[in-house]
Amino acid sequence: MTSQDQQAFRDLLRTLRVWEGALPAFEPDSAPDEPLPLFHRWLREAAEAGVPEPHTMALATADASGRPSLRTVMLHDADAHGWHFASHRTSRKGRELAEQPYAALGFYWAGLGRQVRVQGKVTAAGPAESAADLHRRSAGALAAALVGRQSDVLDSCEELDRASTAAWERARREPDSEVLTWTLYVLEPDEVEFFQGDERRRHVRLRYRREGDSWARDLLWP
């Protein structure tokens, strides 16, 4: 890359803007005593505002040496047990969660200037609950799970095409197919932060911290 190309890239970055238009107000004093009801409300409001894929989230894990990795996954549920997601336990994230059973989640709803950050211990559900999670999803999700080998090195796109075609055919033919490596994970949060952006950069940050069976709340400087 030439210095001219690099400068053009920097110039592009300086032209980009965020949060165009009015942003919703957030009064932290009126927030509930625990984070889950507020999260449910914010995700619903993001969906109603037309934010694309509001149920997707960044998932950060780390290996045994502490080296982090990050990817975007889908939220399957958020209830009194925690935030639910799923993957193959043989994938990179599955292997890392086996080594270090802690993770962080990040939601970003740009149209509302909102973020939610969740962190805590992750537990793997058992085979029956994991299978039920998979079979509640679409045929496409089952086909993708049947392909397997997630995070392994792929020799060619043609190899993936063959495996995917076979998996789709099996998913349609055998909708109850088992995928033994498919695992439902539940992150039980010990900290949840809600961030509401402000056009004048007076962002509101409300943090919940678990203390025993209850939650403490703090406001954070932006």
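Scroll up a little and you will see the structure.
Just so we're clear, the structure is a prediction, and the values are computed from it rather than from any experiment. (Residues numbered from 1 in each chain as written. Predicted model: local features only at pLDDT ≥ 70, side-chain atom pairs only at ≥ 80, totals over all residues. Heavy atoms only, no water.)

Engineer: For the pattern of salt bridges, give the residues involved together with the corresponding values.
Structural biologist: Overall, the coordinates contain 16 salt bridges when judged by the stated rule. For Glu45, the salt bridge is made with Arg114, and the minimal N-O distance between the two is 2.7 Å. With Glu45 in helix α2 (residues 35-48) and Arg114 in strand β6 (residues 114-124), this residue pair connects regions lying 69 residues apart in the sequence. Residue Arg114 is classed as buried on the basis of its relative accessible area, which comes to 3%. Taken together, the shared-partner salt bridges connect Arg117, Glu191, Glu193 and Arg205 into one network. (Salt bridge = Lys/Arg side-chain N within 4 Å of Asp/Glu carboxyl O. Helix = DSSP H or I, 4+ residues; strand = E, 2+ residues; numbered from the N terminus. Buried < 20%, exposed > 50% of the residue type's maximum accessible area, 1.4 Å probe, protein only.)

Engineer: Help me get a handle on the pairing of strand β2 (residues 68-74), residues and values and all.
Structural biologist: Residues of β2 alternate between two faces, with Ser69, Arg71 and Val73 buried on one and Pro68, Leu70, Thr72 and Met74 left unburied on the opposite face. Sheet analysis places strand β1 (residues 56-62) next to β2, joined by seven bridges and oriented antiparallel. If you follow Met57 over to β2, its bridge partner there is Val73. Connecting β1 to the next strand, β2, in antiparallel fashion are five residues, including Gly66 with a positive phi near 90 degrees. (Pairing = 2+ DSSP bridges.)

Engineer: How would you explain the packing of aromatic side chains if you had to name every residue and give the values?
Structural biologist: Pairs of aromatic rings are described using the distance from one ring centre to the other and the angle between the two planes. Applying the stated criterion across every chain, the model contains ten aromatic pairs. Relative to Trp109, the ring of Phe107 lies with its centre 5.8 Å away and its plane at 40 degrees, an arrangement referred to as tilted. Taking the relative accessible area as the measure of exposure, Phe107 reaches 2% and is therefore buried. Residue Trp109 is classed as buried on the basis of its relative accessible area of 1%. (Phe/Tyr/Trp six-rings, centres within 6.5 Å; stacked < 30°, edge-to-face > 60°.)

Engineer: Can you explain the nonpolar core? Please cite residues and give values.
Structural biologist: Of all hydrophobic cores here, the largest spans 32 residues; its most connected members are Phe39, Trp83, Phe107, Trp109 and Val116. For this core, the secondary-structure elements that each account for two or more residues are α2, β1, β4 (82-88), β5 (102-109), β6, β7 (182-196) and β8 (204-211). Among the elements that line this core, the one with the most residues is α2, at six residues. When residues no more than four places from it in sequence are discounted, the contact partners of Trp109 are Phe39, Trp42, Leu43, Ala46, Val51, Pro54, Arg114 and Val116. Grouped together as the second largest cluster of nonpolar side chains are twelve residues, Ala143, Ala167, Ala171 and Trp182 included. (Core = buried A, V, L, I, M, F, W, Y, C linked by side-chain atoms within 4.5 Å. Contact = heavy atoms within 4.5 Å.)

Engineer: I'd love a proper account of the environment of His88, names of residues and values included.
Structural biologist: Note on placement: His88 falls in strand β4. Look at His88 and you get buried, because its relative accessible area is 4%. Taking C-alpha positions, His88 is 5.7 Å from Thr183, a pair spaced 95 residues apart along the chain. Sequence-distant contacts of His88, defined by excluding residues within four places in its chain, comprise Gly94, Ala144, Ala145, Gly148, Gln150, Val179, Thr181, Trp182 and Tyr185.

Engineer: Please set out the packing of helix α5 (residues 139-147) against helix α6 (residues 157-173) residue by residue, giving values where relevant.
Structural biologist: Closest axis-to-axis distance for the α5/α6 pair is 8 Å, and the angle between their directions is 130 degrees. In this view, α5 runs oblique relative to α6, as classed from their interaxial angle. Viewed along their axes, α5 and α6 form a crossing whose handedness is right-handed. Residue-level inspection shows Ala139, Gly140, Leu142, Ala143, Leu146 and Val147 of α5 in contact with α6, the latter providing Leu160, Ala163, Ser164, Ala167, Trp168, Arg170 and Ala171. Grouping the constituent residues of the contact of α5 with α6 by class yields ten nonpolar, two polar and one charged. (Axes fitted to C-alpha atoms, helices over the stretch in contact; angles between N-to-C directions. Parallel < 35°, antiparallel > 145°, perpendicular 65-115°, else oblique. Left-handed = near helix turned anticlockwise from the far one by under 90°. Nonpolar A, V, L, I, M, F, W, Y, C, P; charged D, E, K, R; others polar.)

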